[in-house]
Amino acid sequence: MTEQNEILLDELKHLVSERALTGETMLLNMGPQHPSTHGVLRLLLELDGEIVVNCIPDIGFLHTGIEKNMEAKTYQKAEVMTDRMDYLNTVGNNLVYCLAVEKLVDLDVPPRAQTIRVLLTELTRIASHLLWMGTSALDLAAMSVFLYAMREREMILDILEMVSGARMMTTYIRPGGLWRDVPVEFEEAVANFINILPGRLDEYESLLTTNALFLERTEGIGVITTQQCIQWGITGPVLRATGLPYDLRKARPYSGYEQYDFDIPTATGGDIYSRYRVRVAEVRQSLRIVRQALDRLPYGPVRSNNRKFVPPPRSELSTSMEAVIQHFKLWTEGFPAPKGSVYAAIESPRGELGFLIEGNGGSRPQRVFYRGPTFANLQIMPLLSKGHFVADLVGIIGSIDIVLGDCDR
Amino acid sequence: MDAKLQPAVDALTGRLNVEPVEFRDQVSLLVQPDQIVSAAQILRDEFQFDMLTFLTAVDYWPELAPRFHIVYMLYSVPHNANLSLRVPLEGNAPHLPTLEGVYPNANWYEREVWDMFGVRFDGHSDLRRILMPADWQGHPLRKDYPLGYEEVQFTFNAEEIDLRKPYARE
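Below, the structure is looked at part by part. Please read these numbers as outputs of a predicted model, since none were measured by experiment.

**Describing the sheet that holds strand S6 (residues 340–348) of chain A**
All names here are of chain A. Taken in spatial order, the three strands make up an open sheet running S6-S7-S8, and their pairing is antiparallel. Unpaired on one side and paired on the other, S6 and strand S8 (367–371) mark the two borders of the sheet. The average undirected angle you get between the axes of adjacent strands in this sheet is 10°. Against the sheet, helix H5 (residues 90–105) contacts S6 and strand S7 (351–359), and its axis sits at roughly 150° relative to S6.

**Focus: the sheet that holds strand S3 (residues 51–58) of chain A**
Residues and elements named next belong to chain A. Ordered by their spatial adjacency, three strands build an open sheet running S1-S2-S3, and the pairing between neighbours is antiparallel. In this open sheet, the two edge strands, each paired with only one partner strand, are strand S1 (26–30) and S3. For this sheet, the mean angle separating the axes of adjacent strands, direction not counted, is 20°. Here S1 pairs with strand S2 (residues 42–48) via five bridges, running antiparallel. Note on S2: the bridge partner recorded for methionine 30 is leucine 43.

**Re the packing of helix H7 (residues 143–164) of chain A against helix H8 (residues 186–208) of chain A**
Residues and elements named next belong to chain A. Where H7 meets H8, the axes come as close as 11 Å, and the angle between the chain directions of the two elements is 165°. Our classification of the angle between H7 and H8 gives roughly antiparallel. In terms of crossing hand, the pair formed by H7 and H8 is left-handed. Residues Ser144, Val145, Tyr148, Ala149, Glu152, Met155, Ile156, Ile159, Met162 and Val163 of H7 lie in contact with H8, whose contacting residues are Phe186, Ala189, Val190, Phe193, Leu197, Arg200, Tyr204, Leu207 and Leu208.

**With respect to the interface of chain B and chain A**
Contacts between the two partners involve 29 residues from chain B and, on the opposite side, 34 residues from chain A. For the side of chain B that touches chain A, the secondary structure elements donating two or more residues are strand S3 (51–59), strand S4 (68–76) and helix H3 (106–117) of chain B. Among the elements that make up the side of chain B that touches chain A, the one with the highest residue count is S3(B) (six residues). A breakdown of the residues in the side of chain B that touches chain A according to their chemical character gives 17 nonpolar, seven polar and five charged.

**Thoughts on the environment of Ala137(A)**
All names here are of chain A. Secondary-structure assignment places alanine 137 in helix H6 (residues 111–139). For alanine 137, a count of 26 C-beta atoms within 10 Å corresponds to the buried category. With 122 residues separating them in the primary sequence, alanine 137 and leucine 15 have C-alpha atoms 31 Å apart.

Thresholds, definitions, all that
- Residues numbered from 1 in each chain as written.
- Chains lettered and ligands numbered in written order.
- Predicted model: local features only at pLDDT ≥ 70, side-chain atom pairs only at ≥ 80, totals over all residues.
- Pairing = 2+ DSSP bridges.
- Helix = DSSP H or I, 4+ residues; strand = E, 2+ residues; numbered from the N terminus.
- Axes fitted to C-alpha atoms, helices over the stretch in contact; angles between N-to-C directions.
- Contact = placed C-beta atoms within 7 Å.
- Parallel < 35°, antiparallel > 145°, perpendicular 65-115°, else oblique.
- Left-handed = near helix turned anticlockwise from the far one by under 90°.
- Nonpolar A, V, L, I, M, F, W, Y, C, P; charged D, E, K, R; others polar.
- Buried ≥ 20, exposed ≤ 12 C-beta atoms within 10 Å, placed from the backbone.

Below you can see the structure in the form of structure tokens.
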């Protein structure tokens, strides 16, 4: 047994400049309990007056060891934890986990399930962007947008509750398809929502897009170039706001995204305002996808018929002995996956969201790695904030759209 | 194999000691630890693999040779292609050169691997823990680190429970 690790001040000195050691600049702690850090993010700021000299993010306050837990669970049971990672993109997390497992065991998904997956993922993207719009505008002191945006987000959460029974932690998408088919009132609810939102979105835009105060706080702040984004592995709206139309839905289509007609919005400024424009335009494109998915929703099964991986329908359990055995084996042992590692990725509201799953021949994974966009995007905080005011820092954090659950896992 | 990857894989197998592996249309190259920096440099400068999507590790304990695989996922924006590199590492306290000089975002990912697996990256500019508290003992994602539940420690039984937790005071 050794003694407790001690942290020496000398080990941390290299993080700040010489001027901080002489007291010329001030060190200030921001967070982890700070309303505008969107969760438990801690920033160590080095300030020259009100100007940020350096900004050192400190993460890990929401680390819950999900990856370690998943290694101890069977493939179906581990899925429940994916919701808890990026808690604003729950359906997307389920989708990418299922895509990775399906790739690992080579499992097909019926067309109806594919379409519902796309539809719900896009609704979740809209919900996430609405929440982002409300909270980041609130950080810049535009309070009313927050209240309106939450109202529309609630409609999406109601739809999720309708299909899965849970507002946020749905676990609705399962390896091989869906948990069960959508209820009859689903189509009407979605149609109602996509009729209402475009008009409401215009209203929100009229509150922000040409608002002089909003422009003053966002234009030319937190600028990053395409080259820097690629160098630092930044994806999602932050990258697209620099002018590169890189979107995994087009670059490496999954779940049949190649069949839908939509554009990838870009902007050229690379600043907070460009990110805002990109996200608002993305909501409109997502609405286009939802509309198309709703129009073409095919009939048919929502689960693969491969009983090795997918449990039999509930109705068969009372009549078929095989079904009982299959069900029992799936929920006690799980299904085995071959040795080898696969990587599946989707475009989450924040960027590239991926799962690396390595099978070892048994029914539990050897390793699950979650590539969260927030972890990658948060790393450029020092780059974005140097030379700006502390007040702008709040806008910059909001514009990257961080979710600490996604970052710390 | 994807035709876009073929030239890069051919060049690397010709010039360095690497071995391609393919699984579910996904190409991985097994690279020796001392060659990882030059492999990444060749891929970035000559074959436009300009983005490091992520970097992580896999633990194969109780196997010791190799015990770890470090997995690098590279992406090429112009070619729209993914290529992964895997570095096998032996023993319980392995180390390999950092990739920070080639891909700056390796910084946080390498800190995460050090934090979770205890793999050292030589030449890293700031190799501190990133997710776990700074005074934490042990590396949680190692397979010999128990998952177990935590007994709640109160003042009266804190020391008694500590005795049953060898990993807490290793």
